[in-house]
Structures are given as C-alpha cells and as structure tokens.
Amino acid sequence: MISSSIFFIFAFLPISLILYFLMPKKLKVPMLVLISMVFYAWGQPEYIVLMLFSIVFNYITGLEMQEYLDQERATAAKVTMIIAVVGNLLVLGFFKYYGFLINNINAITGLHLQRPDLPLPLGISFYTFSVLSYVFDVYRQRTVAQKNVLKFACYVTFFPKLISGPIVQYVDMEKQLDERVMVPAKFGAGVNTFLIGLFKKVLIADNLGVAFTAITGLETMSVGTAWLGTLLYFFQLYFDFSSYSDMAIGLAKMFGFNFDKNFDYPYLSSTVSEFWRRWHISLGNWFKQYVYFPLGGNRCSIQRTVFNNLIVFALTGLWHGANWTFLLWGLYHGLIVVVEKYVIKDKLDAVPKAIRVILTCFLVYIGWPMFFSADLGQAIHYYGQMFGAGHMGFLDSTARYYLSGNILLLIIAAIGATPLVQRIHQRLCYWKGGAITWISVACYVLLLILSVSYMMNATYTTFLYFQF
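Keep in mind that this is a model prediction, so the values were computed, not measured.

Colleague: Sorry if this is basic, but what is going on with the packing of aromatic side chains here?
Modeller: Tallied over the full model, the rule gives 67 aromatic pairs. In this arrangement the basic side chain of K28 is found over the ring face of Y20, its NZ or CZ atom lying 4.7 Å from the centre. One residue, K96, lies across the ring of W319, its end atom 5.2 Å from the ring centre.

What follows is the structure, given as structure tokens:
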C-alpha cells in the first residue's frame, strides 16, 4: 500500500486512526501492530512471514544477549550479537545482493549459475537496519532488551516508517512505546506535515518523474537534453524521498510518536560533507553510530580516518542497491568529502557561500546519473551524451520542448527546495505578532484539494526508495 493513494488517505488511514483512538491504552500498541501488518501485507502478503521471522529472531536474541550481559558473560553476549547481526545480514544479502553476486561470479568465471528470480521485499533495507540498531544498542548497553514482544513488534513494523524510512533507532523510539503525548495541536501538526509531503509527492515529484522518464527513454539526445534530464532527477529524487519522510513524520505524529526530520534543505549545503548532514539524515546517523565510530571515526591517524570515511560511503552506496553504479556513486561522494576535509581544509571558508552552495549542488548533480543508471554501461553512455558523445548538438528541439514544458515546474521545485515558502507562510500566519489561524488552515486545505484533484486524474507512482 502506498501512502499517497486515494485508498490510503480516505479509507485505510481514517479507519486506522478511529480504531487506534477507540482502543484503551493497553491495547493501542497491539492495534498498531495489527494495522502495520495489514499495511505491509497489502503490498506483499507472501513476505509477511519474513517480517515475522525478523521480529521473533531479533526479539529472542535480544533477550538472550541481555541475560548474558546481566551475568557479565561478555564473550557469550558478543557471540549472540554476532549471530544476530550475521542472521539479519544473511537475509538482507540473500534477497538484495545474491543475484548481484551470482551475476558477477558468472561474468568472471564463465559459469552459468542460476539464481532465483525473487522480488525484493518492500522496505527490507529499512526494517533490517532498524532491528540491527536494536541489536547493537542492547549489546553496547545503550538500552535494555525489550521484554514485551508486541512493543518490539511495533518498533519494527510501525507502518509510517516501514516501507521507506526514516530509519528510527530503537533508543529514539523506546520510551514512546510506553508513553506518548497526544494533544490536538500535535495531531494537527501531523496532518499539516503529511499534507506538505503529499503535495510534494503528487504535484512536484511525480510530474518531474514523467518528464525524466521520457528523456531517459530516448536512445540518443543532445547535450542540453541530457543535462536537463539530470536536472529533473536532481529535484525529483529530493522531492520524492523527502515527501515520504514528511508523510511518515506527519503520520507518526497523528499516532502520538515524534520522529526527527530526515531532510534539512540539502541543496543549500555549502560542502558535500554538509550535504550528507542534511540528506537522508537517519541513514547518515545510522552509519555514523554503528559503522564509523566503531571503526575509530576520526580518533585515529589521517590514513585510517580516510579509510573509515571511504568504507562508510561505499556501504552507503551499496545500501541503495546491488549494483556497481551505487558503489561508485558512494565512493565518489566519499572521495569528495575526503578532499574537503584533508586537502582543501579551511581554504573553502575564503570562498563566498553562494559560490560554495552552487559548487556543492554541481558536484552532487554530476553524481546522479551514476545513481539512476541501471548499470555501468548505461551510466557511461549517459555521461557521454552529457558531454557531446551523442552527436546531437548542444540544444536541439527535444531539449527546448522539454525545457519549455517543465520550466515552471523546475522553478517551483527550486523554490520548494529552500525554506522560502515556509517563511512566507509563517509571516502570513503570524502577521504583526498575532496568529491568523484561518490563513494557515486555508493553505493546508488548498494543498489537500490540489493533491487529491491531481490523484483522481493520474495513476499513482510508488516512491523511488521502495526499491531500496
């Protein structure tokens, strides 16, 4: 099920909210688990067994690890932690990376090993990283093992974050599983955040995606068309993924949970390092907490710190998919970060911020064709056309057609990637220090009307991060 569909907004969500709020306090968590299971099974009922395995396996290993820690049996606790981590990674690896491994073995050895043609379970990267955070936190004694299996199941399956994140660490959700503050203002804030995400998804991201898909479907293209295609994706991915994060955060608030923001206007970053502190924040925090710091972080030699950075970015790339393009994309960003930290260092401070922001956007922009290409050959082909290998000239009629048809949308996207709209909204709603509530209400009602009107006349598209 997708949260930007008519069925979800006008059937599943209202029914879920009514059931949740009608339940007595002791039954609210079990109801959330049931709702989340239905939500997941709606799209892939065959993989509900895999979800249940993840819950039971990590719940039991967590309790066993906690028992060993309480008995000060460090070796036994470590072995249990390793078993849990390996078990989770084997499941993730089989479904996500097994085919990639077999294909490369066949290419290198000339063998013809067969691989099962299985669809990737929805959200497996997200919920696997969620349970791994729980395992690591229990082992490092940042928290204690959850004894209530339903509360643990709620953490794993909570439907707003289940399919495409954000990746909420267990320590950030633990207390909220026991007690949640639910007031009308919080519910209203959740509705507002959800509507902003819905608008970004169906009105901006999906329309950018239509033009991008049309351009990348061309066999040959001019330089201008190729650069325009990358620009469309530059904004599409941001609005698509940040819209899901907004919707997830808004939905969580409606049920009484608080999640941290997952995007913080990343295209206003003045360095690539800053970009990664603003883009997919929950993923960056996960790798920092559970990979970078355990490797030694920056508390070691420069050579080792560089290695740690490259490992984290390589894994970040591979997390997005089983493809050499994702690995190279991750290493590309890692190398830029290393250059910023250890080669350029403080020299960037002398450059005007506006120029640094433009340069950062350009560097990020140049990396996206590697990210959206199906394989290395396609990526090389696309980069070649960006730099004239297509022999179609610089700006042909196709480029002018797609530019004229999408220029307004690109301007809206560029403005929407900054806090300008939010600031104007705040100024209007709190004119001269007084709250003018009706203006805010009217704005959000308009967002709902526009979004639903478009959804009624268009075929909904899944979020891009469903595939990860």
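Okay, back to it.
Colleague: Just to check I follow, could you spell out a nonpolar patch on the surface for this structure?
Modeller: On the surface, a cluster of nonpolar side chains totalling about 840 Å² of accessible area is made up of L403, I407, L408, I411, I412, I415, L420, V421, I424 and L428. Elements with a minimum of two residues in the nonpolar patch: α17 (397-416) and α18 (420-429). Counting residues per element, the nonpolar patch draws most heavily on α17, at six residues. Locating I424 in the fold gives a position in helix α18. Residue class for I424 comes out partly exposed when judged on its relative accessible area of 45%.

Colleague: I'm lost on unusual backbone geometry in this one. Help?
Modeller: Leaving glycine out, the prevailing phi sign among residues is negative, and the prevailing peptide bond configuration is trans. The backbone of Q141 shows a phi angle near 60°, a positive value even though the residue is not glycine. Within the secondary structure, Q141 is located in the loop between α5 (124-139) and α6 (149-157). A positive phi angle, near 45°, is found at H280, a position not held by glycine. Tracing the backbone shows H280 in the loop between α11 (272-278) and α12 (281-292).

Colleague: Is there a simple way to think about the environment of P14 in this case?
Modeller: Following the sequence through the fold, P14 ends up in helix α1 (residues 6-22). Relative accessible area serves as the criterion here: at 29%, P14 is assigned to the partly exposed category. Between the C-alpha atoms of P14 and Y290, which are 276 residues apart in sequence, the distance is 37 Å. When residues no more than four places from it in sequence are discounted, the contact partners of P14 are F8 and I9.

Colleague: Looking at this structure, how should I read the layout of surface pockets?
Modeller: Any empty space left between the atoms is revealed when a probe the size of a water molecule rolls over them. Roughly 1,300 Å³ of internal volume is contained in the largest pocket. Along the wall of the largest pocket there are 43 residues; nearest its centre are I196, Y265, V421, Q422 and Y444. Looking at the lining of the largest pocket element by element, the count peaks at 10 residues for helix α19 (residues 437-456). Tallied by class, residues from the lining of the largest pocket come to 27 nonpolar, 12 polar and four charged.

Thresholds applied
Starting afresh in each chain, residues are numbered from 1 along the sequence in its written order. Totals for whole chains, interfaces and linings use all residues, but because this is a predicted model, local features are given only for residues with pLDDT of at least 70 and pairs of side-chain atoms are given and counted only at 80 or more. Calculation of side-chain values draws on the structure's entire complement of heavy atoms; hydrogens and water are dropped beforehand. Put simply, two rings from Phe, Tyr or Trp (the six-membered ring, in Trp's case) pair if the centres are within 6.5 Å, and we call them stacked under 30 degrees between planes, edge-to-face over 60, tilted for the rest. Consider the ring centre and the ring normal. A charge sits over the ring if Lys NZ or Arg CZ is within 6 Å of that centre and within 35 degrees of that normal. Only residues above 30% relative accessible area that lack a salt bridge enter a patch, with like-charged residues linked at up to 9 Å and the nonpolar side chains Val, Leu, Ile, Met, Phe, Trp and Tyr linked at up to 5 Å. Note on areas: Shrake-Rupley, 1.4 Å probe, and residue coverage restricted to the protein chains presented here. Put simply, a salt bridge is a Lys or Arg side-chain nitrogen that is within 4 Å of an Asp or Glu carboxyl oxygen. Runs of H or I in DSSP of at least four residues are treated as helices and runs of E of at least two as strands, each being numbered from the N terminus. With a 1.4 Å probe rolled over the protein chains alone, any residue whose accessible area is under 20% of its type maximum counts as buried; one over 50% counts as exposed, and the rest are partly exposed. By definition, residues are in contact when any of their heavy atoms lie within 4.5 Å. Using a grid of 1 Å spacing that covers the protein atoms alone, one calls a set of points a cavity when a 1.4 Å probe fits there but cannot get out, and a pocket when the set is open and has protein on both sides within 12 Å along at least five of seven lines; lining residues are those with an atom within 4 Å of a point. Grid points are joined across faces, edges and corners, and a volume is the space filled by probe spheres set on the points. Here the term charged refers only to Asp, Glu, Lys and Arg, the term nonpolar to Ala, Val, Leu, Ile, Met, Phe, Trp, Tyr, Cys and Pro, and the term polar to all other amino acids, Gly among them.

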